[in-house]
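In case you want the letters, here they are:
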Amino acid sequence: MTSQIPEITLNDGTRIPAIGFGTYKLWGNDGAAAIAGAIDNGYRLIDSAYNYENEGTVGAALQRTSVPREELRIASKLPGRYHTYEKAVKAIQESLYRASLDYYDLYLIHWPNPNQDHYVEAWQALIDAKKWGLIRSIGVSNFLPEHMERLEKETGVLPSINQVELHPFFNQKQQRQWHDEHGVATESWSPLARTNDVFSNDTIKLVADKHNKTASQVILRWHYQLGSVPIPKSASPKRQLENLSIFDFNLDNDDMVAFDKLTRPDGRMNNQDPAVYEEF
């Protein structure tokens, strides 16, 4: 399965798989078992965050798998309460301690929190942590183009990746276009949106039936063909394997157009607009 997963090259030259594994709300012993199972089932990009309170769980999962560390791409995110430079440096170190890691392959600023206006400081901390070998590749999450433009203007460094809310009901077309034009990779959080909503959607069911695939498979394939890296989460081994099995078919132009018609201006699930929403 692993050999079938394509990779993408980030703007700093590092490579990551075209699909990853989300770990939100996976913690404790059950969470460690689910994450270790995902790795054993072929996932190599594992997403976590300081605020998920499961970096230790990810570290425990790594101890339960025989997959070598160098084959994995482990990611985490900096919370808003630690955006000032000194706090950001210590939080990155704490993230590493929690997971018992020497380095993260990918570390992101979780939200820009523009009203607090410390995200440039936080970005400088990530830049320096990369220089020190604590992080291999640095990026952001939920940043708007204006936020990333400011990062580049004030530090000279653009993020390698931006993880954003992206699913069939909110396709982020303009945001993705900006990413493409500036060489920033797109990563999709909540790629399946509210599972019940997408699985019962008539358009998605028609596309799935057409290709003899499940709803989740055609949605994840849609992400891949958009050029975005989805990070679906599941504790079920069967669903984990199903979500990885998206590289043996193609959606045609009619399918992609049908998906485009599902997007809505108010498609965000929890109204978390990065221009005003803040998370600490």
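What counts, and at which threshold
Residues numbered from 1 in each chain as written. Predicted model: local features only at pLDDT ≥ 70, side-chain atom pairs only at ≥ 80, totals over all residues. Heavy atoms only, no water. Helix = DSSP H or I, 4+ residues; strand = E, 2+ residues; numbered from the N terminus. Rg over C-alpha atoms; globule rule 2.2 N^0.38 Å. Lys, Arg positive; Asp, Glu negative; His and termini not counted. Charge placed at Lys NZ, Arg CZ, Asp CG, Glu CD. Salt bridge = Lys/Arg side-chain N within 4 Å of Asp/Glu carboxyl O. Buried < 20%, exposed > 50% of the residue type's maximum accessible area, 1.4 Å probe, protein only. UniProt positions renumbered as here; feature names shortened; annotations may be inferred. Core = buried A, V, L, I, M, F, W, Y, C linked by side-chain atoms within 4.5 Å. Axes fitted to C-alpha atoms, helices over the stretch in contact; angles between N-to-C directions. Parallel < 35°, antiparallel > 145°, perpendicular 65-115°, else oblique. Left-handed = near helix turned anticlockwise from the far one by under 90°. Contact = heavy atoms within 4.5 Å. Nonpolar A, V, L, I, M, F, W, Y, C, P; charged D, E, K, R; others polar.

### Points about the overall build of the protein chain
Next, step 1: In terms of helices and strands, the protein chain carries 11 helices and 10 strands.
Next, step 2: In terms of C-alpha radius of gyration, the protein chain reaches 18 Å, essentially the compact-globule figure of 19 Å for 280 residues.
Next, step 3: For the protein chain, the spread of C-alpha atoms along the three principal axes comes to 55 × 40 × 30 Å.
Next, step 4: Across the protein chain, the 29 positively charged side chains and the 37 negatively charged ones have centroids separated by 3 Å.

### As for the pattern of salt bridges
Next, step 1: In this structure the tally under the stated criterion is 15 salt bridges.
Next, step 2: Between R150 and E154 there is a salt bridge, with its nearest N and O atoms 2.7 Å apart. With R150 and E154 both in helix α5 (residues 145–155) and 4 residues apart, the pair spans about one turn of that helix.
Next, step 3: Look at R150 and you get partly exposed, because its relative accessible area is 27%.
Next, step 4: What makes E154 partly exposed here is its relative accessible area of 45%.

### Description of the UniProt feature "domain: NADP-dependent oxidoreductase" (unreviewed entry) in the protein chain
Next, step 1: Residues annotated by UniProt as "domain: NADP-dependent oxidoreductase" (unreviewed entry) correspond here to residues 19–262.
Next, step 2: This span, residues 19–262, is 47% helix and 15% strand, and a straight line between its end C-alpha atoms measures 22 Å.

### Observations regarding the nonpolar core
Next, step 1: Judged by nonpolar contacts, the single largest core of 73 residues is most densely connected at L126 and F259.
Next, step 2: Tallying contributions element by element places helix α4 (residues 119–131) first for this core, with 8 residues.
Next, step 3: Of all hydrophobic cores here, the second largest spans 9 residues; its members include A75, L108, I161 and A185.

### A word on the packing of helix α3 (residues 85–99) against α4
Next, step 1: Contact geometry for α3 and α4: axes closest at 8 Å, N-to-C directions at 45°. Taken together, the axes of α3 and α4 lie oblique to each other. For the pair α3 and α4, the crossing hand works out as right-handed. Residues Y85, A88, V89 and I92 of α3 lie in contact with α4, whose contacting residues are E121, A122, Q124, A125, L126, D128 and A129.
Next, step 2: Classifying every residue of the contact of α3 with α4 by side-chain character gives 8 nonpolar, 1 polar and 2 charged.

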